[in-house]
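This is what each chain is made of:
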Amino acid sequence: MKALKNMNTLALAIPFAIAITFPIFKEGALIFALLSTMVTGFIQVCIGIKMLIDNPKEKNIQFYISGVIVFFGVWFVNHLIGYNDFLNYILLPIPLILAIYLSLLIYKKQ
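Each chain has its residues counted from 1, following the order in which its sequence is written. Where local features are concerned, this predicted model is filtered to residues with pLDDT of at least 70; where side-chain atom pairs are given and counted, the filter is 80 or more; whole-chain, interface and lining totals use all residues. Note: side-chain values were computed over all heavy atoms of the structure, leaving out hydrogens and water.

**What about the packing of aromatic side chains?**
Piece 1. Ring pairs shown here join Phe, Tyr and Trp side chains whose ring centres sit within 6.5 Å, with only the six-membered ring taken for Trp; geometry is labelled stacked below 30 degrees between planes, edge-to-face above 60, and tilted in between. Under the defined criterion, the tally for this structure stands at four aromatic pairs.
Piece 2. Ring centres of phenylalanine 71 and phenylalanine 72 lie 5.0 Å apart, and the angle between their planes is 70°; this geometry places the pair in the edge-to-face category.
Piece 3. The classification of residues rests on relative accessible area computed with a 1.4 Å probe and restricted to protein chains. Under 20% of the type maximum is buried, over 50% is exposed, and intermediate values are partly exposed. Under the relative-accessibility criterion, phenylalanine 71 is labelled buried at 12%.
Piece 4. Taken together through their ring pairs, the aromatic side chains of Phe71, Phe72 and Trp75 make up a single cluster.

Rendered as structure tokens:
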């Protein structure tokens, strides 16, 4: 579990570490920091899947994975219907909420 905690901490620190270079690289640093949040999300989904494999009956992990599946499902439907503004506003905070939720699960377990 300590390895998962360290990996999650690293994943969360990557965008902030890139953003700190703003005085040197200007807006390029912000663009790369925003792009690196996708890497953070991928790492967190992998951590969530690993935790689900290790504890398949734990409801909190099942809830997290369900949230990830619902997010990508709604995102796909939104793409099919031509990007509805209402769905865009719903989808915007979900990755942040999922990242915070998984982080709380990881740090609470230790």
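**Digging into the pattern of salt bridges**
Piece 1. When a carboxyl oxygen of Asp or Glu is within 4 Å of a side-chain nitrogen of Lys or Arg, the pair counts as a salt bridge. A full pass over the atoms with the stated rule returns one salt bridge.
Piece 2. A salt bridge links lysine 50 to aspartate 54; the shortest N-O distance between them is 2.6 Å. Linking lysine 50 with aspartate 54, this pair stays in helix 3 (residues 27–54), spanning four residues, or about one helical turn.
Piece 3. A relative accessible area of 44% places aspartate 54 in the partly exposed class. Working definition: helices are DSSP H or I runs of at least four residues, strands are E runs of at least two. Numbering for both runs from the N terminus.

**Brief notes about the layout of surface pockets**
Piece 1. In this structure, the largest pocket encloses a volume near 760 Å³.
Piece 2. Lining the largest pocket we find 24 residues, and of these Thr37, Gly41, Phe71, Pro95 and Leu96 sit closest to its centre.
Piece 3. Secondary structure elements with two or more residues in the lining of the largest pocket: helix 1 (2–19), helix 3, helix 4 (59–80), helix 5 (85–91) and helix 6 (94–109).
Piece 4. Counting residues per element, the lining of the largest pocket draws most heavily on helix 3, at eight residues.
Piece 5. Estimates place the volume of the second largest pocket at around 150 Å³.
Piece 6. Considering the residues around the second largest pocket, the lining is formed by Phe63, Tyr64, Gly67, Val70, Phe71, Ile94, Ile97, Leu98 and Tyr101.
Piece 7. When residues of the lining of the second largest pocket are traced back to their parent elements, those giving at least two are helix 4 and helix 6.
Piece 8. No other element matches helix 4, which puts five residues into the lining of the second largest pocket.
Piece 9. Across the lining of the second largest pocket, the residue classes tally to eight nonpolar, one polar and no charged. Only protein atoms enter the 1 Å grid, on which a cavity is a set of points fitting a 1.4 Å probe that cannot get out and a pocket is an open set with protein on both sides within 12 Å along at least 5 of 7 lines, lining residues being those with an atom within 4 Å of a point. Grid points are joined across faces, edges and corners, and a volume is the space filled by probe spheres set on the points. Residues are grouped as follows: Ala, Val, Leu, Ile, Met, Phe, Trp, Tyr, Cys and Pro are nonpolar; Asp, Glu, Lys and Arg are charged; all remaining types, including Gly, are polar.

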